[in-house]
Each structure stands twice: as structure tokens, then as C-alpha cells.
Amino acid sequence: MSTSASTQRLRNQIALVTGGSSGIGAGVSLALAAEGATVVVNYSHSPEGAEEVVTSIEKAGGKAVAIKCDVSQEADVQSMFAQIREEFGTLHILVNNSGIQEDAPFLDMTLEQWEKVIAVNLTGQFLCAREAAREFIRRGPQPEVSAATGKIICMSSVHEVIPWAGHVNYATSKGGIMLLMKSVAQELAPHKIRVNSIGPGAIKTPINKEAWDTPEAAEKLLTLIPYGRIGEPSDIGKAAVWLASDESDYVTGVTLFADGGMTLYPGFASNG
Ligand code: NAD
């Protein structure tokens, strides 16, 4: 592991990463495990990716299990949380990461494409956050484990603030996550539950492969990133560790953009 057991920032904590089987979720799972958390790596369809993440964590000396669940289905989510409680007793950290894109020009977007993205990206985050909060409150404070009674991290996007033509369903889901996160943070703060988001910019994962996997595409993408590099899942893993740890104990209700400056209106860098 990267840190010695005594200095691991998330030791003795149980974390659930939805969609932990791929891309950013895999990066977050590895990072949380390296800080001592036992990680539940959720996947929706094929177990291979999740098993690979679990094996990597175990090889590095950490603890992880894979659990199947479609986050858009209430019964599925409730049974995943029951399984976590049975196996580990409780949960301390939820990373609401699962997300999909079903792109189409607005005029051609079908109701099915709209509903599918909202169901996974927004309703899925609501269902998992609600079950996590219920579990945090049932268990109560454990100050010897963490200053907060529970931590929820929502994977949002720069598209919670940047409109995105051709991706209206996706941008709407991320804008929705912003006020879901803030409203839940406001409601749960008295319970000492912290709720925050991460707003990734362009991160190299399967969801946006066509935007970075040829030199021409990568060059075009880089014009939107003042910091001059495309992000890696480990960049988001580091942000998630900080938001889950006591180092951010006074932070709730915010979106931490990890985007190489994508939200800085790069088009105005040379005076507009
Ligand atoms: P990805 O396609 O690699 O990962 C998506 C994950 O979501 C997969 O693990 C998949 O199994 C899971 N998932 C899909 N449908 C699900 C369902 N019904 N139930 C449970 N899990 C389901 O893509 P990624 O880039 O790693 O995306 C992860 C999150 O990061 C998403 O919320 C995405 O919107 C967000 N994000 C990504 C980027 C980027 O540049 N890659 C930028 C901003 C935000």
C-alpha cells in the first residue's frame, strides 16, 4: 500500500463506490483502499472489471469485494445496502459514481434516451444517498473512526455548470446532482453527515474514449484544458480521498472541480 497502516487516512472505514468496476470509479476504489478503507466495488452488468479492481486492491494488501446492483432500481439498491450491512456491519463512505451517456441531438432525443440517463445518473444517486444516510444515522457517530458520522461524494461533472449541446440529458442529470447534493448536505449537516461533489473535467475513461484516443481528438480536447493535460482516474481518486477523510471535516455542500481549469472559460484566455 502507498501509506503505512498507522497513517492511512481511511483505516477502519467501509466505502461503497458505485460503478467502481471501470474508469473513474476504479481509480477511486484503488485510492480509497490505499488509504485503508475496505471497498465495495459495485458493478451493473459484467463482473470482470469489478473482479479486476478487487484483485488489484488485494494484491496491494487492501480489502475489497464486488457487488452487483443496478443503481436505478430501488429494490436492487436496498438489497446491496442490506448485503453491505450483513457483511461489514455498516458503511462510512458512499461514492455515488455510476453514470452513463446516451447522446443525441436535442431534436432527435428519444424519451427512452432521456429517461435512461436521468434514471442512472440522477435517480441512482438519490437512491444510494438515501440508503447511505439511513445507515449512517442508524449506526450513529463513531468519532474514533471518523469525525463525521458519514460522508457522501457525488460524481458530478463540469457539466453541472457548462451547458452541453448534443448531451442535454447528461448535462441535465449533472445540473440536478448539484442541487441534490446541496439540498441533502443542508438537510443532513445536523446529523454530522457531509455531502459533497467532485466535478471532473476530461478524464481518460471508456465513457469519452472518442474524445482522446486519436492525436487529433486529444489535440482538440486540450484546447479546452488550460492546464494542458487530460486527466487520469487517479486525479479523481486523490480528490475523493480528501473529501472522504477528516482533512475536509469542515467541508460540506461544495463541488470540487478537478478539471485542469476547464471551468475557467478557456475561450477568454486571450481576451475573448
Ligand atoms: P465509465 O463508463 O468507465 O464508468 C461508468 C461506470 O458506471 C461503470 O462502472 C458502469 O458499470 C457504471 N454503471 C453504468 N450503469 C450503471 C447502473 N445502472 N448501475 C450501476 N452502475 C452503473 O465512465 P467514467 O468516466 O469512469 O464515469 C464515471 C462517472 O464520472 C460518471 O458519473 C460520469 O458522468 C462522471 N464523469 C466522467 C468524466 C470523464 O471525463 N470521464 C467527466 C466528468 C464526469
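Note that this is a predicted model, so its numbers are computed, not measured.

What counts, and where the lines are drawn
Throughout this description, residue numbers start from 1 for each chain and increase along the sequence as written. Thresholds applied to this predicted model are a pLDDT of at least 70 for local features of residues and 80 or more for the giving and counting of side-chain atom pairs; totals over whole chains, interfaces and linings are not thresholded and use all residues. To get the side-chain values, take all heavy atoms of the structure and skip hydrogens and water. Put simply, DSSP marks the helices as runs of H or I at least four residues long and the strands as runs of E at least two long, and each gets a number from the N terminus on. In this description, contact between two residues means that some pair of their heavy atoms is separated by no more than 4.5 Å. To be clear on the numbers: accessible area is Shrake-Rupley with a 1.4 Å probe, and residue cover counts the displayed protein chains and nothing else. Charge assignment in this entry is limited to Lys and Arg as positive and Asp and Glu as negative, and neither His nor the chain termini are counted. For the purpose of locating charges, the reference atoms are NZ of Lys, CZ of Arg, CG of Asp and CD of Glu. Salt-bridge detection follows one rule: a side-chain nitrogen of Lys or Arg within 4 Å of a carboxyl oxygen of Asp or Glu. For every residue, the accessible area obtained with a 1.4 Å probe (protein chains only) is divided by the maximum for its type, and the residue is called buried under 20%, exposed over 50%, and partly exposed between those limits. The span you would expect from a helix comes to 1.5 Å times its residue count less one. Fitting one axis to the seven residues ending at a residue and another to the seven starting there, the bend at that residue is the angle between the two axes. UniProt positions are given in the numbering used here, feature names are shortened, and annotations may be inferred rather than shown by experiment. The arc in question is the one spanned by the directions pointing from the helix axis to the C-beta atoms. Note on definitions: the grid is 1 Å and covers protein atoms alone; a cavity is a set of points where a 1.4 Å probe fits but cannot get out; a pocket is an open set with protein on both sides within 12 Å along at least five of seven lines; lining residues have an atom within 4 Å of a point. Grid points are joined across faces, edges and corners, and a volume is the space filled by probe spheres set on the points. Note on residue categories: nonpolar means Ala, Val, Leu, Ile, Met, Phe, Trp, Tyr, Cys or Pro, charged means Asp, Glu, Lys or Arg, and polar means any other residue, Gly included. Only the contacting stretch of a helix is used when fitting its axis, a line to C-alpha atoms as for every element, and angles between N-to-C directions run 0 to 180 degrees. Roughly parallel refers to an angle under 35 degrees, roughly antiparallel to one over 145, roughly perpendicular to one between 65 and 115, and oblique to any angle outside these ranges. Working rule for handedness: look at the near helix, and if it is turned counterclockwise from the far one by less than a right angle, call the crossing left-handed; if clockwise, right-handed.

Student: Is there a simple way to explain the overall build of the protein in this structure?
Tutor: A count of helical and extended segments in the protein gives seven helices and seven strands. When the helices and strands of the protein are listed from N to C terminus, the series reads β-α-β-α-β-α-β-α-β-α-β-α-α-β. With the C-alpha coordinates aligned to their principal axes, the bounding extent of the protein is approximately 50 × 40 × 40 Å. Of all intrachain contacts in the protein linking residues separated by at least 6 positions in sequence, the fraction that spans at least 24 positions is 73%. Accessible surface, the protein as shown: approximately 13,000 Å² in total, 56% of it carbon and sulfur. Separation of charge centres in the protein, based on 21 positive and 30 negative side chains, amounts to 7 Å.

Student: How should I be thinking about the pattern of salt bridges in this particular structure?
Tutor: Two side chains of opposite charge can pair, provided their charged atoms sit close to one another. Going through the model one piece at a time under the given rule, you end up with twelve salt bridges. Between Glu 74 and Arg 130 there is a salt bridge, with the nearest N and O atoms lying 2.8 Å from each other. Separated by 56 residues along the polypeptide, Glu 74 in helix 3 (residues 74–88) and Arg 130 in helix 4 (residues 111–139) bring together distant segments of the chain. Arg 130 gets classed as partly exposed once you look at its relative accessible area, which sits at 21%. Where Glu 135 meets Arg 85, a salt bridge forms, and the shortest distance between an N and an O atom there is 4.0 Å. With Glu 135 in helix 4 and Arg 85 in helix 3, this residue pair connects regions lying 50 residues apart in the sequence. Given the relative accessible area of 8%, Glu 135 is considered buried. One continuous salt-bridge network, built from bridges that share partners, spans Glu 74, Arg 130, Glu 131 and Arg 134.

Student: How should I be thinking about helix 4 in this particular structure?
Tutor: Think of an α-helix as turning once every 3.6 residues; residues three or four places apart then point the same way. The end-to-end C-alpha distance of helix 4 is 40 Å, a good match for the 42 Å that 29 residues give at a rise of 1.5 Å each. Taking the largest bend as the criterion, helix 4 deviates by roughly 40°, centred on Ala 119. The first or second residue beyond helix 4 is Gly 140, which carries a positive phi of 80°.

Student: Teacher, can you tell me more about the UniProt feature "domain: Ketoreductase" (unreviewed entry) in the protein here?
Tutor: Per the UniProt record, "domain: Ketoreductase" (unreviewed entry) is annotated on residues 13–206. Along residues 13–206, the helical share is 46% and the strand share 18%, with 29 Å between the first and last C-alpha atoms.

Student: I would appreciate a short explanation of helix 3 in the present structure.
Tutor: If you check helix 3, its first and last C-alpha atoms are 21 Å apart, about what 15 residues at 1.5 Å a residue would give, namely 21 Å. Every buried residue of helix 3 is listed here: Val 77, Met 80, Phe 81 and Ile 84. Relative to the axis of helix 3, the buried residues are bounded by an arc of 95° and lie together on one face. Turned more than 90 degrees away from the buried face of helix 3, the exposed residues are Ala 75 and Glu 86. Buried-residue contacts for helix 3 involve strand 1 (14–17), strand 2 (38–43), strand 3 (63–68) and helix 4.

Student: So what exactly am I meant to see when it comes to the layout of surface pockets here?
Tutor: One water molecule sets the probe size; rolling that probe over the atoms shows where empty space is left. For the second largest pocket, the calculated volume is near 170 Å³. Split by residue class, the lining of the second largest pocket holds seven nonpolar, three polar and three charged.

Student: Sorry, what's going on with the packing of helix 1 (residues 23–34) against helix 2 (residues 48–59) here?
Tutor: Helix-helix packing is described using two parameters, namely the angle between the two axes and the distance between the axes. Two elements in contact, helix 1 and helix 2, have axes separated by 10 Å at closest approach and are oriented at 25°. Accordingly, the angle class assigned to the pair helix 1 and helix 2 is roughly parallel. Classified by chirality, the crossing of helix 2 by helix 1 is right-handed. Contact with helix 1, carried on its side by Ala 26, Ser 29, Leu 30 and Ala 33, involves Val 53, Ser 56 and Ile 57 of helix 2 and no other residues of that element. Residue classes in the contact of helix 1 with helix 2 are distributed as five nonpolar, two polar and no charged.

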